[in-house]
Amino acid sequence: MTAATMQVSQKDFEKAQEQLKLLKKDPGNETKLKLYALFKQATEGPCNAPKPGMLDFVKKAKWDAWNSLGNLSQDNARQKYAELVSSLVSAESASQKKDASPEEGRHDGYETLIVTTKNNITKIMFNRPDRKNAINHQMYREIIKALEEAGKNDSTIAVITGNGDYYSSGNDLNNFANIQPGEMEKMAKDGAVLLKDFVGHFIDFPKPLIAVVNGPAIGICVTVLGLCDIVYASDRATFHSPFSQLGQSPEGCSSYLFPKIMGLAKASEMLLFNKKLTAAEACAQGLVTEVFPDNSFQKEVWARLEAYASLPKNSLAVSKQLLRSMEKEKLHAVNSKECEVLTERWLSDECANAIVSFFQKKSKL
Ligand SMILES: CCCCC/C=C/CC(=O)SCCNC(=O)CCNC(=O)[C@H](O)C(C)(C)COP(=O)(O)OP(=O)(O)OC[C@H]1O[C@@H](n2cnc3c(N)ncnc32)[C@H](O)[C@@H]1OP(=O)(O)O
């Protein structure tokens, strides 16, 4: 090795020591041992320390690593040390770039959702995990936009799911907060217009629409499940529509579809008396198609959906429309009626008290 190479190597060695300190990820014990051994060899030469006792595991592992370098020259050890650090830095920066790059097939223009199209599936993911995916006004509008896009694009099926531990905690109760007394009627009317449009997009959705219920579901995100074609649920999911508790009334066409799906008595327990169903109960009552163990939920469900999404797209669309077409007019009428009743409910003392109670006590359902 020439003097010039040795100089560069020494410089690289010092630079590498600085770079090592900047690594964000722990490189793991095996690599740390290699780095230790090369550093000792580079700075002190071949291992000259007494062998530690068998039970001194850490010192013994370090000694073994250093000793294994035998008579490797100090120059070579410096060089190898610098190369190893450089490979760790490159790997970390590649993984950071990968994390920062947008997800493949991700649609632009959404803040409360992650919308992607991949493998013939448009996935609409609620993305307010720190608010349990509560649906605020912006999110209602973005879901409407995402359903419109998914209905028209090349995907074969659309899937709705939640990011984080909840599927969704339903209507964001902040939608009712900070309303001045004189603005109550306007709030109720505007809310009903938005809700009717939102539910209308589920009624009219032209392709198979599948809900992947990854965790607890409350309120509006439970009621519109009746408008989905398939509902897959994790065994961690629960289904709760606490309308009377909130002084409100059913929406999402559930006043018509839930009795049809599960029978009047079971629907009444849910919609009148706030009964929260487990995933197994919701499946037994026909609201959920199939329940999966939480630890294999994502893997099993997405494998199945990818297979479904490879079926002929147009055949699936016309068949879905046939299945729903007889009911469409009826469903729109139910939606209108439910929104009308809710407008009154939102102006009631019962509803106002329930909202105030949530914010005052942060009372949990
Ligand atoms: C256009 C208008 C259309 C209206 C259509 C009408 C629809 C009807 C419905 O959807 S009714 C259902 C309404 N939903 C609720 O009543 C749920 C309220 N939330 C809760 O009861 C609980 O938060 C919980 C059970 C979902 C979760 O409890 P947990 O203790 O696990 O977690 P936190 O309470 O600490 O939640 C974390 C923060 O998120 C806030 N949050 C959760 N859900 C909502 C929500 N729906 N609305 C507003 N805020 C919500 C919660 O308050 C916490 O906030 P904080 O960290 O600031 O305390």
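Throughout what follows, the structure given in this document is the object of discussion. As the structure is a prediction and not an experimental result, all values here were calculated from the model.

With that out of the way, let us pick up the packing of aromatic side chains. Under the definition given, this model contains ten aromatic pairs. Look at Phe-126 and Tyr-167: their rings are 5.3 Å apart centre to centre, the planes differ by 65°, and that puts the pair in the edge-to-face class. Taken together, the positions of Phe-126 in strand β2 (residues 121-126) and Tyr-167 in the loop between β3 (157-162) and α6 (184-204) put the pair 41 residues apart, joining distant regions of the chain. Of the two residues examined, Phe-126 and Tyr-167, each falls in the buried class. Measuring from ring centre to ring centre gives 5.6 Å for Phe-176 and Trp-346, while their planes differ by 50°; the resulting arrangement is tilted. Residue Phe-176 is found in the loop between β3 and α6, and its partner Trp-346 is found in helix α12 (residues 313-346); the two are separated by 170 residues along the sequence. Of the two residues, Phe-176 and Trp-346, neither departs from the other in class, the shared state being buried. It is Lys-145 that lies over the ring of Tyr-110; its NZ or CZ is 4.5 Å from the centre.

All right, on to unusual backbone geometry then. With a phi angle near 50°, Asn-119 is a residue other than glycine that sits in the positive phi range. With respect to the secondary-structure elements, Asn-119 resides in the loop between β1 (113-118) and β2. A positive phi angle is found at Cys-253, which is not glycine, with a value near 70°. Among the structural elements, Cys-253 can be located in the loop between β7 (238-240) and α8 (254-262). According to the relative accessible area criterion, Cys-253 is buried, its value standing at 0%.

Considering only enclosed or pocket space, the largest pocket measures out at about 950 Å³ in volume. Lining the largest pocket are 43 residues, with Ala-134, Ser-169, Asn-171, Asp-172 and Leu-173 sitting closest to its centre. If you list the elements that add at least two residues to the lining of the largest pocket, you get α5 (137-152), α6, β7, α12 and α13 (349-361). Its boundaries defined by the atoms lining it, the second largest pocket holds a volume of some 260 Å³. In this structure, the second largest pocket is lined by 14 residues; those nearest its centre are Asp-229, Ser-319, Lys-320, Leu-323 and Arg-324. Going through the elements one at a time, α8 and α12 are the ones with two or more residues in the lining of the second largest pocket. No other element matches α12, which puts seven residues into the lining of the second largest pocket. Considered class by class, the residues forming the lining of the second largest pocket number seven nonpolar, two polar and five charged.

Analysis parameters
Residues take numbers from 1 onward in each chain, read along the sequence in its written order. Owing to the predicted nature of the model, reporting of local features is limited to residues with pLDDT of at least 70; listing and counting of side-chain atom pairs is limited to 80 or more, with chain, interface and lining totals taken over all residues. Neither water nor hydrogens contribute to the side-chain values; these are computed over all heavy atoms in the structure. Pairing of aromatic side chains requires ring centres within 6.5 Å, counting the rings of Phe and Tyr and the six-membered ring of Trp. Pairs whose planes differ by under 30 degrees are stacked, by over 60 edge-to-face, and all others tilted. A run of H or I in DSSP becomes a helix once it reaches four residues, and a run of E becomes a strand once it reaches two; helices and strands are each numbered from the N terminus. Burial classes: relative accessible area under 20% of the type maximum marks a residue as buried, over 50% as exposed, and values in between as partly exposed (1.4 Å probe, protein chains only). By definition, being over a ring means that NZ of Lys or CZ of Arg is both within 6 Å of the ring centre and within 35 degrees of the ring normal. Each cavity reported here is a set of points on a 1 Å grid over the protein atoms alone in which a 1.4 Å probe fits but cannot get out, each pocket an open set with protein on both sides within 12 Å along at least five of seven lines, and each lining residue one with an atom within 4 Å of a point. Grid points are joined across faces, edges and corners, and a volume is the space filled by probe spheres set on the points. Ten residues, namely Ala, Val, Leu, Ile, Met, Phe, Trp, Tyr, Cys and Pro, are considered nonpolar, four, namely Asp, Glu, Lys and Arg, are considered charged, and the remaining ones, Gly among them, are considered polar.

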